[in-house]
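What follows is each chain in one-letter form.
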Amino acid sequence: MEGSLEVLESQHSIAMFRTLDTAGPLASSLPPTLVWGGRMNGNPGEVFHGIGSVPVLKKGDKYPYFKKVETFLQRFGYLDRAQHPSQGVLTEEVSDALERYQKLHALSVTGEFDEETRAQMTTSRCGMADPGSSLTYVTVCPWDRTNLTFSFTSGTSDVLGDEEFGAVRNAFETWALSTPLTFTEVSAGSNPDIAVGWHPTIAYDHDMTGDVVAHSDNPPDCSILDFGPPQPLHFDNGEQYWAIGEEPGAYDVESVALHEIGHLIGLDHSSNPAAVMFSQLNPNSIRRSLWPDDLIGALTLYPFQP
Ligand SMILES: [Zn+2]
Ligand SMILES: [Zn+2]
């Protein structure tokens, strides 16, 4: 862990970067090869603002602001909000939830709120909930066909011209090249299967406040947001800054799109830190290639016909 976790900047984030250079397909079993970077945000409006300042806690420990951690675990599907309301106590149930979180993120499984877990929770992440536990890819459900359409509804002024659209097209192409899926761009009025756009942080279908950089949904048969067609691929155009490629403090559009399209075709989060479907990503980094874990997951949903 890096040493700056106690530092809460008033406005700007301190970005440090996870290096995945040495991570192979079995990266989840090789945590020592990863250098983690916690991205600390001090924006007052953040849902998870404050997790970085919660001290290390063991089972049975109490701390008022530990409620922030409990809320995080509830939001991302590790803890049932109704059964375990936040109390600021690291109970047995919370410890179990922490274990599931640690397992899925290839951390040491301690069931405690330790430094490693705190750093992971303060790293930028995708807004979709994580599955209970799995060591590789996770599938939800496929579309009932492989010829899908998409359209753009809005862009971002963070990048020059229409380059953000090109980056999203590249991401669709990357999935199409390795699977039986095709993605055809159509006009917004042509009832697309997927609508791509940059939205305010708090929009009608999802609240991306905090370290959530983008969100999407699963195929219609296993839709989570359930707003009906088209399925969303929405980027946070409020709190986040977008770029084409690596840029300090900004997210690479193509890398984020590649991940969200994975959800849109029916994949959930993988625990493999090298996979596109790993839930966390960092600014100033690129992850534009599918990992075997991602591909096998996609081909399980959409096998090539002989
Ligand atoms: Zn995700
Ligand atoms: Zn949305």
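Anything mentioned here points back to the structure above.
Here is a short report on the structure shown in this document. (Residues numbered from 1 in each chain as written. Chains lettered and ligands numbered in written order. Predicted model: local features only at pLDDT ≥ 70, side-chain atom pairs only at ≥ 80, totals over all residues.)

**A word on the sheet that holds strand E2 (residues 147-152)**
Spatial strand order, E3-E2-E4-E6-E5: five strands in an open sheet with mixed pairing. Each edge of the sheet is formed by a strand with only one pairing partner; in this case those strands are strand E3 (182-185) and strand E5 (214-216). Each strand axis lies, on average, 20° off the axis of its neighbour in the sheet, ignoring direction. By the bridge criterion, six bridges tie strand E4 (residues 194-199) to strand E6 (residues 231-236) in an arrangement that is parallel. Across the sheet, residue Trp198 finds its bridge partner in E6, namely Phe235. Against the sheet, helix H4 (residues 163-178) makes contact with E2, E3 and E4, and its axis sits at roughly 155° relative to E3, the strand it touches most. This element, helix H5 (residues 253-264), spans E4, E5 and E6 of the sheet and lies at about 155° to E6. (Pairing = 2+ DSSP bridges. Helix = DSSP H or I, 4+ residues; strand = E, 2+ residues; numbered from the N terminus. Axes fitted to C-alpha atoms, helices over the stretch in contact; angles between N-to-C directions. Contact = placed C-beta atoms within 7 Å.)

**Focus: the pairing of E3**
Here E2 pairs with E3 via four bridges, running parallel. In the sheet register, Thr149 faces E3, and the bridge partner there is Thr184. With H4 bridging E2 and its parallel neighbour E3, the resulting β-α-β unit is right-handed. (Right-handed = clockwise from strand over helix to strand, strands pointing away.)

**Re unusual backbone geometry**
Omega for the bond connecting Pro229 with Pro230 falls within 30 degrees of zero, at -5°, which places this linkage in the cis form. Within the secondary structure, Pro230 is located in the loop between E5 and E6. The residue Asn191 is not glycine, and still its phi comes out positive at about 50°. Mapped onto the elements, Asn191 comes out in the loop between E3 and E4. Even without glycine at this site, Asp226 takes up a positive phi of about 60°. Here Asp226 lies in the loop between E5 and E6. Classification of Asp226 by C-beta neighbours within 10 Å gives exposed; the count is 9. (Buried ≥ 20, exposed ≤ 12 C-beta atoms within 10 Å, placed from the backbone.)

**As for the packing of H4 against H5**
Relative placement of two packed helices is described by the angle separating their axes and the distance separating the axes. Contact geometry for H4 and H5: axes closest at 8 Å, N-to-C directions at 45°. Classified by the interaxial angle, the pair formed by H4 and H5 is oblique. In this structure, the crossing between H4 and H5 has a hand that is right-handed. Residues Glu164, Ala167, Val168, Asn170, Ala171, Phe172, Thr174 and Trp175 of H4 touch H5, and the partners they reach there are Val253, Glu254, Ala257, Leu258 and Ile261. Across the contact of H4 with H5, the residue classes tally to nine nonpolar, two polar and two charged. (Parallel < 35°, antiparallel > 145°, perpendicular 65-115°, else oblique. Left-handed = near helix turned anticlockwise from the far one by under 90°. Nonpolar A, V, L, I, M, F, W, Y, C, P; charged D, E, K, R; others polar.)

**Things to note about the environment of Gly297**
Within the secondary structure layout, Gly297 lies in helix H6 (residues 292-301). What makes Gly297 buried here is the crowd of 26 C-beta atoms within 10 Å. In the structure, Gly297 is positioned 30 residues away from Leu267 in sequence and 6.9 Å away in space, judged by C-alpha atoms. In contact with Gly297, not counting residues within four places along its chain, are Tyr137, Thr139, Leu267 and Met277.

**Some points on H4**
Counted at 1.5 Å a residue, the expected span for H4 with its 16 residues is 22 Å, and the 23 Å between its end C-alpha atoms agrees. Of the residues making up H4, those classed as buried are Glu164, Ala167, Val168, Ala171, Phe172 and Trp175. Seen along its axis, H4 keeps its buried residues to an arc of 140°; they face one direction. Among the exposed residues of H4, those pointing more than 90 degrees away from its buried face are Glu173 and Leu177. In this structure, the buried residues of H4 make contact with E2, E3, E4, strand E7 (242-243), H5 and H6. (Expected span 1.5 Å × (residues − 1). Arc of directions from axis to C-beta.)

**Overview of the pairing of E4**
Across three bridges, E2 lies against E4 in parallel orientation. Its bridge partner lying in E4, Ser151 is registered against Ala195.

**Describing the nonpolar core**
In this structure, Val256, Ala257, Ile261 and Ile265 are the most contacted members of the largest nonpolar core, which totals 44 residues. Elements with a contribution of two residues or more to this core: E2, H4, E4, E6, E7, H5 and H6. With six residues, H5 is the largest single contributor of residues to this core. Once residues within four sequence positions are removed from consideration, Ala257 is found in contact with Ala167, Val168, Ala171 and Leu233. Of all hydrophobic cores here, the second largest spans 17 residues; its members include Phe66, Phe72, Phe76 and Leu90. (Core = buried A, V, L, I, M, F, W, Y, C linked by C-beta atoms within 7 Å.)

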